[in-house]
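As a plain string of letters, each chain reads:
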Amino acid sequence: IRGEKEDLLEAKKLKKRHQMTSELSPDDKQLVEQNSKAPPCQAGLRGFQNMGSTCFMSVILQSLIHNPIIRNDFLSGSHDSKLCQRENCLGCRIDEIFTDFFTSPTTTGYGPALLLTTSWKTQRSLAGYSEQDAHEFLQFILDQLHATSDAKSSADVDYCGCIVHRTFCGQLQSDIVCPNCRNVTVTIDPLMDLSLELRDRKSDASRILGLQQCLEKFTSPEKLETKYMCSFCSTRQEVTKQLTIKRLPLVLSIQLKRFEHALKSNKIDDHVPFPMQLDMTPYTTNSRAKKRYVYELFGVVCHQGKINTGHYTCSMKNREGFWFNFDDAMVTLSSEKQVLKSRAYLLFYIIKELS
């Protein structure tokens, strides 16, 4: 990892120099403590070789490797590639990556050639070396992990017991209110991720919203443009619709919709402020309840370049709480400050506090 050896040598010199003095100033003590610690164990800390415009794949794989729930499930042997008999199984390819990352002492970039060819065989649109969308690849890989899972049912999950649904799936509630009879039509749908608009088109279309403002916009009541036939009073009315989150997932995946496709394709390249800790309570169906749902950021995927051409990188937090930046095979130490300045495209939060 670039820079760690140099920092460690400098820290050792600094520590040795201060050991010769009888007394240290408070500032010197703090400097020694911060810079003379041995580097933590970095099992699983590796990059991916670019196999030809495969950076979109690398960042999503890093988000799975640094997802504690997904990581622990695969490392526990829930999907064993040596025993699986399925043909073109993406679950086997992911299991092989986890096995190599957490058992091999090498830190050189991993070449995901088998995962790439298996993806091509499974989804023809991925074949070739053209740039793909990271969010679409995330959806594809999660669908494949669900399809190749043997845990399809569970007593505590009413729809699916596979690791993908237990990790990422929540519920989205849609309330349609009839202004004539005040009847509320409720619809519940599964929620695998949130895709959020970045512009406030009602008041100022040029204004870019922060993450909390995007969530407020997503869950605010809106009047539908087309009239709705109320099943209760049998009249056609201009109704109001509101989306709220009925059940939050353990890991919240958020897409910031930077790519616009209206009269012409456009990319929003502005910085969108987002927090390290995110309180999702105000955006839930029972937002007035006493429970609080606080999430902590562990992954950020960024896209640099234009809408059809560009490059994906990501920042991930490891098990020891350190942030690292991944640019294909290159891995560098990062910081919370640097992460918060990044132009995020995908955000990954994990539940931290439920009180």
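Residues numbered from 1 in each chain as written. Predicted model: local features only at pLDDT ≥ 70, side-chain atom pairs only at ≥ 80, totals over all residues. Heavy atoms only, no water.

Okay, the overall build of the chain next. When helices and strands are tallied, the chain shows 10 helices and 18 strands. Looking at the chain as a whole, 44% of its 355 residues are labelled buried. Contacts in the chain between residues at least 24 apart in sequence constitute 64% of all its contacts with a sequence separation of at least 6. With an accessible surface of roughly 19300 Å², the chain has 49% of that area assigned to carbon and sulfur atoms. (Helix = DSSP H or I, 4+ residues; strand = E, 2+ residues; numbered from the N terminus. Buried < 20%, exposed > 50% of the residue type's maximum accessible area, 1.4 Å probe, protein only. Contact = heavy atoms within 4.5 Å. Areas by Shrake-Rupley, 256 points an atom, 1.4 Å probe, with all protein chains shown as cover.)

Right, let's get into the environment of Thr 148. You can see Thr 148 is positioned in the loop between α7 (134-147) and α8 (163-168). Ignoring anything within four residues of it in the chain, the contact list for Thr 148 reads His 79, Arg 86, Cys 89, Leu 90 and Gly 91. In this structure the side chain of Thr 148 is engaged in a polar contact, spanning 3.4 Å, whose partner is the backbone oxygen of Leu 145. (Polar contact = N/O pair within 3.5 Å; in protein donor to acceptor, adjacent residues only side chain to side chain.)

Here we come to the confidence of the model for the chain. Residue-level pLDDT values for the chain average 84, and 82% of them are 70 or greater. Per-residue pLDDT stays below 50 along residues 153-157; that stretch engages in 3 contacts with residues further than four places along the chain or on separate chains. (pLDDT = per-residue confidence, 0-100.)

Before going further, it helps to examine the packing of helix α4 (residues 68-75) against helix α5 (residues 90-103). At a minimum axis separation of 10 Å, α4 and α5 run at an interaxial angle of 90 degrees. In terms of orientation, α4 lies roughly perpendicular with respect to α5. Here Ile 70, Arg 71, Phe 74 and Leu 75 of α4 come into contact with α5, specifically with Gly 91, Ile 94, Asp 95, Phe 98 and Phe 102. Tallied by class, residues from the contact of α4 with α5 come to 6 nonpolar, 1 polar and 2 charged. (Axes fitted to C-alpha atoms, helices over the stretch in contact; angles between N-to-C directions. Parallel < 35°, antiparallel > 145°, perpendicular 65-115°, else oblique. Nonpolar A, V, L, I, M, F, W, Y, C, P; charged D, E, K, R; others polar.)

Another aspect to go through is the state of the cysteines. Under the definition given, this model contains 0 disulfides. Of all cysteine sulfurs, the one in Cys 230 lies closest to Cys 233, which takes part in no disulfide; the gap is 3.7 Å. (Disulfide = S-S within 2.5 Å.)

Next up on the list: the sheet that holds strand β1 (residues 170-177). Strand order in the open sheet formed by 4 strands is β2-β1-β9-β6, and the pairing between neighbours is antiparallel. The sheet is open, and its two borders are formed by β2 (184-191) and β6 (222-223), each paired with just one other strand. (Pairing = 2+ DSSP bridges.)

Any two side chains of opposite charge can pair, on the condition that their charged atoms come close. Summed over the entire model, instances satisfying the criterion amount to 9 salt bridges. A salt bridge links Asp 100 to Arg 46, with the nearest nitrogen and oxygen atoms 2.5 Å apart. Residue Asp 100 is located in helix α5, and its partner Arg 46 is located in the loop between α2 (26-35) and α3 (55-65); the two are separated by 54 residues in the primary sequence. Taking relative accessible area as the criterion, Asp 100 reaches 27% and is therefore assigned partly exposed. As a salt-bridge pair, Arg 199 and Glu 260 come within 2.9 Å of each other at their nearest N and O atoms. Note that Arg 199 is positioned in strand β4 (residues 199-200) and Glu 260 in strand β11 (residues 259-261), a separation of 61 residues in sequence. On the basis of relative accessible area, Arg 199 is assigned to the buried category, the value being 16%. Relative accessible area serves as the criterion here: at 16%, Glu 260 is assigned to the buried category. (Salt bridge = Lys/Arg side-chain N within 4 Å of Asp/Glu carboxyl O.)

What follows concerns the pairing of β1. The buried fraction of β1 amounts to 7 of the 8 residues, a majority that puts the element mostly inside the structure. Pairing between β1 and β2: 8 bridges, direction antiparallel. Its bridge partner lying in β2, Asp 175 is registered against Val 186. Hairpin connection between β1 and β2: a loop of 6 residues separates the two successive antiparallel strands, and Arg 182 in this loop has a positive phi of roughly 65 degrees. In this structure, β1 lies alongside strand β9 (residues 240-247), joined through 7 bridges in antiparallel fashion.

Another aspect to go through is a nonpolar patch on the surface. Taken together, the side chains of Val 184, Val 186 and Ile 188 make up a nonpolar region of the molecular surface, amounting to roughly 220 Å² of accessible area. Within the secondary structure, Val 186 is located in strand β2. The class of Val 186 is partly exposed, set by a relative accessible area of 45%. (Patch = residues over 30% accessible without salt bridge, like charges linked within 9 Å, V, L, I, M, F, W, Y side chains within 5 Å.)

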